[in-house]
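# Tertiary structure, described
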Amino acid sequence: MKIAKPESHGFDAARLARIDAFLQERYVDSGKLPNTQLLVGRDGEIVHFSSIGAAREGGKAIDESSLFRIASMTKPVTSIAFMMLVEEGKVAVDTPVHHVLPEFKGLGVYNGGGGSVPFQTKPTAEPMRMVDLLRHTSGLTYGFQNRSNVDAAYRAGKLENWHGNLDLDGFVAALGELPLEFSPGTAWNYSVSTDVLGAVVQRVSGVPLAEFFRTRIFAPLKMDDTFFAVPADKVDRLTDCYTFVPGKGRVMYDRGAESLWSQTPTLVSGGGGLVSTALDYHRFCRMCLNGGELDGARIVGRKTLDLMTQNHLPGGADLSSMSKSLFSEAANAGTGFGLGFAVNIDVARSMIPGSVGEYYWGGMFSTAFFIDPVERLTMVFMTQMSPSNVYPIRRELKTMIYSALT
């Protein structure tokens, strides 16, 4: 790995270095996080890379080969895969979802019932379209939202269990039996939309989702350490994963040595299933920053990325006015949503440094990335602790990275 001189890319090296001291003291030494890995890039070059903490309990330090569960950072990859098919004329952003997934035909909106009482529904005002899956305005939800009779039905049916009895087709069929929380396009809710989009990619392409990712995205981008199931010869590089329990702090969630992520899932999750490295995800970010191409491999067209990274919320709204979600990987104020990414539409309202048009997302295990086309700046942050909203680390990192720009 080559690291460029920060000064030659408009960074103050001392200000970048103080981020590591901050992460060490505030998060790793205190035991809040097991480890942190930070990659900052500018103009496609890595200008800062640091690894702090152990990969496994009592084990060796994390390094550039360490594998992390990136959870919802899978979503932008699935969104890019879908847009590749749009570019081939096989589907469109405004295609009704039921044209590809007939299981969704006639889906209604919740209008009463739940538990032992049958659901009552009313018709949707508009059909659910692919854009609704891409921007989370579909009316679908997540079982962990814990705020409605609909998400309770997701939990009861164990719909989101990757190692359960549902494959992608079974998952779509099960969703087709349940009501939507709202009429598509009328509100924003963080949801299984991107998992459904993965099913769309699989149906339209005729290729299993994992194979589509591998052959069409990861191989061309040389992302050789990104997959849904960690191969046996790489399991030793998979980090331990923790969850935060109130009153107890950080507790073990999934040991790297005997991880569920080393088993092939029944339900391949385009919404959250991938494992990757900071260096691999940096290649994905560089491809995006370059307008869809990296080292001669063209993944999507420049104007396709331009379309994806604009705010697609109806009426130019931001998440603070449209979100019904109890949880998401974004701050709501000043944040719009594009086709697979959150988009910064008002820097002042976000109350942290940034640029209009910067786009980003994160994962439930506190991983995060952002791409700023104005400053030609990218960040990939890795650790393994859920949920991702326990600490304000993303806000802190962003503030400190932008403050290091000269």
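Up top is the structure.
Residues numbered from 1 in each chain as written. Predicted model: local features only at pLDDT ≥ 70, side-chain atom pairs only at ≥ 80, totals over all residues. Heavy atoms only, no water.

This part covers the pattern of salt bridges. Counted by the stated rule, this structure contains 22 salt bridges. We note a salt bridge from glutamate 375 to arginine 42, for which the minimum N-O separation is 2.7 Å. Of this pair, glutamate 375 sits in the loop between strand S14 (368-372) and strand S15 (377-382) while arginine 42 sits in strand S1 (residues 35-42); the two residues are 333 residues apart in sequence, bridging distant segments of the chain. Here glutamate 375 falls in the partly exposed class, since its relative accessible area comes to 26%. Judged by relative accessible area, arginine 42 falls into the buried class, the value being 14%. A salt bridge links aspartate 318 to arginine 349, with the shortest nitrogen-to-oxygen separation between them at 2.6 Å. With aspartate 318 in the loop between helix H10 (302-308) and helix H11 (319-322) and arginine 349 in helix H12 (residues 347-350), the pair connects residues that are 31 residues apart, well separated along the chain. Ionic contacts of the salt-bridge type, sharing partners, join the residues Glu88, Lys90 and Arg216 into one network. (Salt bridge = Lys/Arg side-chain N within 4 Å of Asp/Glu carboxyl O. Helix = DSSP H or I, 4+ residues; strand = E, 2+ residues; numbered from the N terminus. Buried < 20%, exposed > 50% of the residue type's maximum accessible area, 1.4 Å probe, protein only.)

A separate point is the sheet that holds strand S2 (residues 45-53). One open sheet holds the seven strands; their spatial order is S2-S1-S15-S14-S13-S12-S11, and the pairing between them is antiparallel. Each edge of the open sheet is held by one strand with a lone partner, namely S2 and strand S11 (335-337). For this sheet the average axis-to-axis angle between neighbouring strands, irrespective of direction, equals 20°. Strand direction decides the pairing type here: S11 and strand S12 (residues 342-344), joined by three bridges, are antiparallel. Across the sheet, threonine 335 pairs through a bridge with asparagine 344, a residue of S12. (Pairing = 2+ DSSP bridges. Axes fitted to C-alpha atoms, helices over the stretch in contact; angles between N-to-C directions.)

Further remarks concern the pairing of S1. With respect to burial, S1 is a largely interior element, eight of its eight residues being buried. One ladder, built from eight bridges, connects S1 with S2; its direction is antiparallel. Pairing of leucine 39 across the sheet is with phenylalanine 49, part of S2. The hairpin turn running from S1 into S2, its antiparallel successor, is two residues long, and aspartate 43 in that turn takes a positive phi close to 55°. As paired elements, S1 and S15 share six bridges and run antiparallel to each other. Looking across to S15, one finds that arginine 42 is bridged to leucine 377.

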